[in-house]
2 protein chains.
Amino acid sequence: MPLLGLLPRRAWASLLSQLLRPPCASCTGAVRCQSQVAEAVLTSQLKAHQEKPNFIIKTPKGTRDLSPQHMVVREKILDLVISCFKRHGAKGMDTPAFELKETLTEKYGEDSGLMYDLKDQGGELLSLRYDLTVPFARYLAMNKVKKMKRYHVGKVWRRESPTIVQGRYREFCQCDFDIAGQFDPMIPDAECLKIMCEILSGLQLGDFLIKMAWKDVRHEMVVKKGLAPEVADRIGDYVQCHGGVSLVEQMFQDPRLSQNKQALEGLGDLKLLFEYLTLFGIADKISFDLSLARGLDYYTGVIYEAVLLQTPTQAGEEPLNVGSVAAGGRYDGLVGMFDPKGHKVPCVGLSIGVERIFYIVEQRMKTKGEKVRTTETQVFVATPQKNFLQERLKLIAELWDSGIKAEMLYKNNPKLLTQLHYCESTGIPLVVIIGEQELKEGVIKIRSVASREEVAIKRENFVAEIQKRLSES
Amino acid sequence: MPLLGLLPRRAWASLLSQLLRPPCASCTGAVRCQSQVAEAVLTSQLKAHQEKPNFIIKTPKGTRDLSPQHMVVREKILDLVISCFKRHGAKGMDTPAFELKETLTEKYGEDSGLMYDLKDQGGELLSLRYDLTVPFARYLAMNKVKKMKRYHVGKVWRRESPTIVQGRYREFCQCDFDIAGQFDPMIPDAECLKIMCEILSGLQLGDFLIKMAWKDVRHEMVVKKGLAPEVADRIGDYVQCHGGVSLVEQMFQDPRLSQNKQALEGLGDLKLLFEYLTLFGIADKISFDLSLARGLDYYTGVIYEAVLLQTPTQAGEEPLNVGSVAAGGRYDGLVGMFDPKGHKVPCVGLSIGVERIFYIVEQRMKTKGEKVRTTETQVFVATPQKNFLQERLKLIAELWDSGIKAEMLYKNNPKLLTQLHYCESTGIPLVVIIGEQELKEGVIKIRSVASREEVAIKRENFVAEIQKRLSES
């Protein structure tokens, strides 16, 4: 163990004899030492004075800290979102917070001015990532990956004018699921819509609807399928009047439309999509929106957006204007922009607007006066008497070593009432108590905070008893 | 539902009649349309040419993408670390990726030049966070929090010369646990050391030792407790020769030392700490290191660092030079630097060197040829015949809706062999098979990929049967 600098036995003996010399040296040392102390105190006082900040203590504009309360809500929502992504066979991945600036340039259209650039510190020119889609496309091209189903949860940054009151920040979390690869038409697209539905249902935010941008559907029909613009526009009129699946069914049942070969071809992909959505049991959740238009430059096909259908109407809840809570679409051209030979990898994906969802859930909890526990502590170690720190430390170590979440107060002699108050205010359900009597009798008292019932359990059985109680609750 | 733009019935009838006009308009439209298609194709070809990147596709210097393989290893390790933090009653929190530059200035000593600054884009001057400790102190001061036990897992950024071969990057993850507040001496400090031990034991990285910086211990004794420097240096000699607890015991058993009042006082905190560490059962894990010195400027007390004691010696494993895998210490002055009145909040904490731990675990898996599954898919939906896409979609939706992780190929008519190969290569344990015969008999075949055994289960029972099998495995 050379790391410990162990000396051979002889050297050790010689050092020990030095250490145990007569104390005169340490006397003179003490004087010097006291002046050192005075000096140190003075220095630290001066320093404390100098250290007073002459600037405002804040987080940067448009950003905020996430408190333990925020984190608890986030963790639950992200768990549900990630579980859904995994249920659909997605792999996790991550990319750096910043990219070469040129990787991001020209991918976001007029939004490009909202990127955070890093200072030129004598290296590459860098920008903070603006979304998770462009880094994913860069990853696919860089590693020549032709096929991948992945999710990515991470922060992105946009220098937008923050309207903080609505839960929009310059730093925010995105949760993306994407399917890259050449597949038979509309199967991955339908899965993306299914995922949106599963997540929005799972989160129990109320009724929702996924709206497809009619402008994009029309563009697909006219430019890609060769449908006459006039016919497309008439389908558009049709579409305005009917939500999703019924539209497609009626059109195909209508002999005059179903005998128009071009209309049929133009409607082919849409028909296929709604067929799959029907098999997935979500066709009634999909509708068209004439006003919806592509957001970011890289989308190539139909985009879709999920909206909550009604503002909460429970007593006391304020109406929430939250806008879109999920969005997605095809971006078949993006990967090709990074490939030296322009090879394309078709992609379709979705992004869950988790920040807005966090905001909605937090607002609801606030209105209902719901409290969240910010810790998961199961057991508190308490004592009613003085001088029981050692026993408490032994007990708590046993709990920790058994995987039980446990806390105690960092005081030598805390009052019992203070300890019990701590449990009540932080929601700890069980207390183990050790005092003079318990020590004498070889027992530990287990107390339920809710019922205030106490039972004495043999010292050697108390961990097992706690584990039993925790597994039952 | 105003969002859907539903028209009254009469308007709908009028639109329908327009839509169903004679087809002449659509004929002329078709011509225009075909030229539009040609134009679109041309544009897209030209665009594809223009879009060829004239720059290198890479991640910024010192950074990298985390592949699904990396992510799986990380997730397991972070789960263990976070579980331990929660077991000790810590709350989660997060801070923005960047801070006002002046928040970070003068906190890191000579390392300050390694901060990433953001470009001045007409707002505040910002820098990426360099660690999680300074943002935590800023948070405490800003919110006037006097007491808090929190953990924080997040990325930090340092413009160090990257030595990537050893697993050091400019962007890396930190896992911090800290206790802020005025408490009785050495109780929170002992808990921090206990946490380090629990995590390093839990990760099964082999034997480890936590080394306390002797220079800091000496400084505490001389400057704060007034021990003569000579006596401190002799204790230092003593310390060099003995690991942790035995040192303290021997010193206090030694009548000539234990009768030196100043030595006793100087050793008081150390004695207390080792007493608690003994109760926690970890005193033998702690030792002193003469060469260790404070890293960052803000540490005020004894710092400690955990090192793995031996490089792996299993056959075929290359020796790993990984250095410190965890570190921590007291920083009683940092919060006061942010408080307008200089009010201090004593803090003690630790940081787990998860990047090095990721690296060690990944290297070991590589050497052992261990494969990781990058998805968690439990069931694959397959068919041996053509034209079974609809049935597969119905089945997979049932599985998803029952919370089962399921995948299928995005092809209309995939070959059975391709489907089974996919299961074997990605480690999916179960296959459900639907074909002509199954459809006729109203059953689903369930196949175990490992044993290749197949059983037919009634269609209505197949989800329950799968859930049963998954809960057993």
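Remember, predicted model here, so these are calculated numbers, not experimental data. Along every chain, residues carry numbers that run from 1 in the direction the sequence is written. All chains are assigned letters beginning at A, and all ligands numbers beginning at 1, according to the order in which they are written. With pLDDT at 70 or above as the cut-off, local features in this predicted model cover only qualifying residues; side-chain atom pairs require 80 or more to be listed or tallied, and sums for whole chains, interfaces and linings still use all residues. With hydrogens and water set aside, each side-chain value is computed from the structure's full complement of heavy atoms.

## A look at the confidence of the model for chain A
All names here are of chain A.
Here is step 1 of the chain: Confidence in the prediction for chain A averages 83 pLDDT; 80% of positions are at 70 or higher.
Here is step 2 of the chain: Each residue carries a pLDDT score, the predictor's own confidence in it, on a scale running from 0 to 100. Working rule for contacts: check all heavy atoms of both residues, and any pair within 4.5 Å makes them a contact. Contacts of residues 1–51 to residues separated by more than four positions or lying in other chains number 56 contacts, the stretch itself having pLDDT below 50.
Here is step 3 of the chain: Among the scores for the predicted complex, ipTM is 0.85 and pTM is 0.85.

## Overview of unusual backbone geometry
Here is step 1 of the chain: Its identity as a non-glycine residue notwithstanding, Met186 of chain A has a phi of 75°, on the positive side.
Here is step 2 of the chain: One can find Met186 of chain A in the loop between strand E5 (171–180) and helix H6 (187–202). Numbering of helices and strands starts at the N terminus; helices are DSSP runs of H or I of at least 4 residues and strands are runs of E of at least 2.

## A few points about the sheet that holds strand E9 (residues 324–330) of chain A
All names here are of chain A.
Here is step 1 of the chain: Any two strands with at least two DSSP bridges between them are considered paired. On the basis of which strands lie adjacent, the open sheet formed by eight strands has the order E1-E4-E5-E10-E9-E8-E6-E7 and mixed pairing. Only two strands of the sheet have a single partner each, and these edge strands are strand E1 (91–92) and strand E7 (286–289).
Here is step 2 of the chain: Lines are fitted to the C-alpha atoms to define the axes, a helix being fitted only along its stretch in contact, and any angle between axes, read from their N-to-C directions, falls within 0 to 180 degrees. Sheet strands in contact with H6 are strand E4 (148–157), E5, strand E6 (208–213), E7, strand E8 (303–308), E9 and strand E10 (347–352), and its direction is about 10° off that of E10.

## Section: the packing of aromatic side chains
Residue and element names in this part refer to chain A.
Here is step 1 of the chain: Any pair of Phe, Tyr and Trp rings, taking the six-membered ring for Trp, is counted once the centres come within 6.5 Å. Such a pair is stacked with planes under 30 degrees apart, edge-to-face with planes over 60 apart, and tilted for the rest. Tallied over the entire structure, the rule returns 16 aromatic pairs over all chains.
Here is step 2 of the chain: Between Phe85 and Phe177 the ring centres are 5.6 Å apart and the planes differ by 35°, which places this aromatic pair in the tilted class. Here the residue Phe85 occupies a position in helix H3 (residues 68–87), and Phe177 occupies one in strand E5, the gap between them amounting to 92 residues.
Here is step 3 of the chain: Working definition: with a 1.4 Å probe on protein chains only, accessible area under 20% of the residue-type maximum means buried, over 50% means exposed, and in between means partly exposed. The exposure class of Phe85 is buried, given its relative accessible area of 0%.
Here is step 4 of the chain: The exposure class of Phe177 is buried, given its relative accessible area of 0%.

## Remarks on the packing of H6 of chain A against helix H13 (residues 389–401) of chain B
Working note: a packed helix pair is described by the angle between its axes plus the distance between those axes.
Here is step 1 of the chain: Two numbers describe how H6 of chain A lies on H13 of chain B: the axes approach to 12 Å, and their chain directions differ by 25°. Overall, the two elements H6 of chain A and H13 of chain B adopt an arrangement that is roughly parallel. H6 of chain A and H13 of chain B meet at a crossing whose hand is right-handed. Within the contact between the two elements, H6 of chain A uses Ile187, Glu191, Lys194 and Glu198 of chain A and H13 of chain B uses Leu389, Leu393, Ala397, Trp400 and Asp401 of chain B.
Here is step 2 of the chain: In terms of residue class, the contact of H6 of chain A with H13 of chain B is built from five nonpolar, no polar and four charged. Angular relationships are summarised with four words: roughly parallel below 35 degrees, roughly antiparallel beyond 145, roughly perpendicular across 65 to 115, and oblique for the angles in between. By definition, turning the near helix anticlockwise from the far helix through less than a right angle yields a left-handed crossing, and turning it clockwise yields a right-handed one. Gly is placed with the polar residues, together with every amino acid not listed as nonpolar (Ala, Val, Leu, Ile, Met, Phe, Trp, Tyr, Cys and Pro) or charged (Asp, Glu, Lys and Arg).

## A look at helix H3 (residues 68–87) of chain B
Residues and elements named next belong to chain B.
Here is step 1 of the chain: By this rule, a helix spans an expected 1.5 Å times one less than how many residues it contains. The end-to-end C-alpha distance of H3 is 28 Å, a good match for the 28 Å that 20 residues give at a rise of 1.5 Å each.
Here is step 2 of the chain: Taken together, the buried positions of H3 are Pro68, His70, Val72, Val73, Arg74, Ile77, Leu78, Val81, Cys84, Phe85, Lys86 and Arg87.
Here is step 3 of the chain: Following H3 by one or two positions, Gly89 adopts a phi angle in the positive range, close to 80°.

## Observations regarding the packing of H13 of chain B against helix H16 (residues 462–472) of chain B
Residue and element names in this part refer to chain B.
Here is step 1 of the chain: Interhelical geometry of H13 versus H16 gives an angle of 50° and a closest axis separation of 10 Å. Taken together, the axes of H13 and H16 are oblique relative to one another. In the packing of H13 onto H16, the handedness of the crossing is right-handed. Listed contacts from H16 to Leu395, Glu398 and Leu399 of H13 are Phe462, Val463 and Ile466.
Here is step 2 of the chain: A per-class count over the contact of H13 with H16 returns five nonpolar, no polar and one charged.

## Overview of H16 of chain B
All names here are of chain B.
Here is step 1 of the chain: What H16 keeps buried is the set Phe462, Val463, Glu465, Ile466 and Leu470. One face of H16 carries all of its buried residues, which in axial projection span an arc of 160°. The exposed set on the far side of H16, more than 90 degrees from its buried face, consists of Ser471 and Glu472. Taken from the helix axis, the directions to the C-beta atoms give the arc we talk about.

## Some thoughts on the sheet that holds strand E13 (residues 430–433) of chain A
Residue and element names in this part refer to chain A.
Here is step 1 of the chain: If you trace the five strands from one edge of the open sheet to the other, you get E12-E11-E13-E14-E15, paired in mixed fashion. Either end of the sheet is taken by a strand with one partner, and the two such strands are strand E12 (406–407) and strand E15 (454–458).
Here is step 2 of the chain: Here strand E14 (residues 443–448) runs beside E15; their pairing, made up of five bridges, is antiparallel. Across the sheet, Arg447 pairs through a bridge with Glu454, a residue of E15.
Here is step 3 of the chain: Packed onto the sheet, helix H16 (residues 462–472) meets strand E11 (379–382), E13, E14 and E15 and runs at close to 20° relative to E14.

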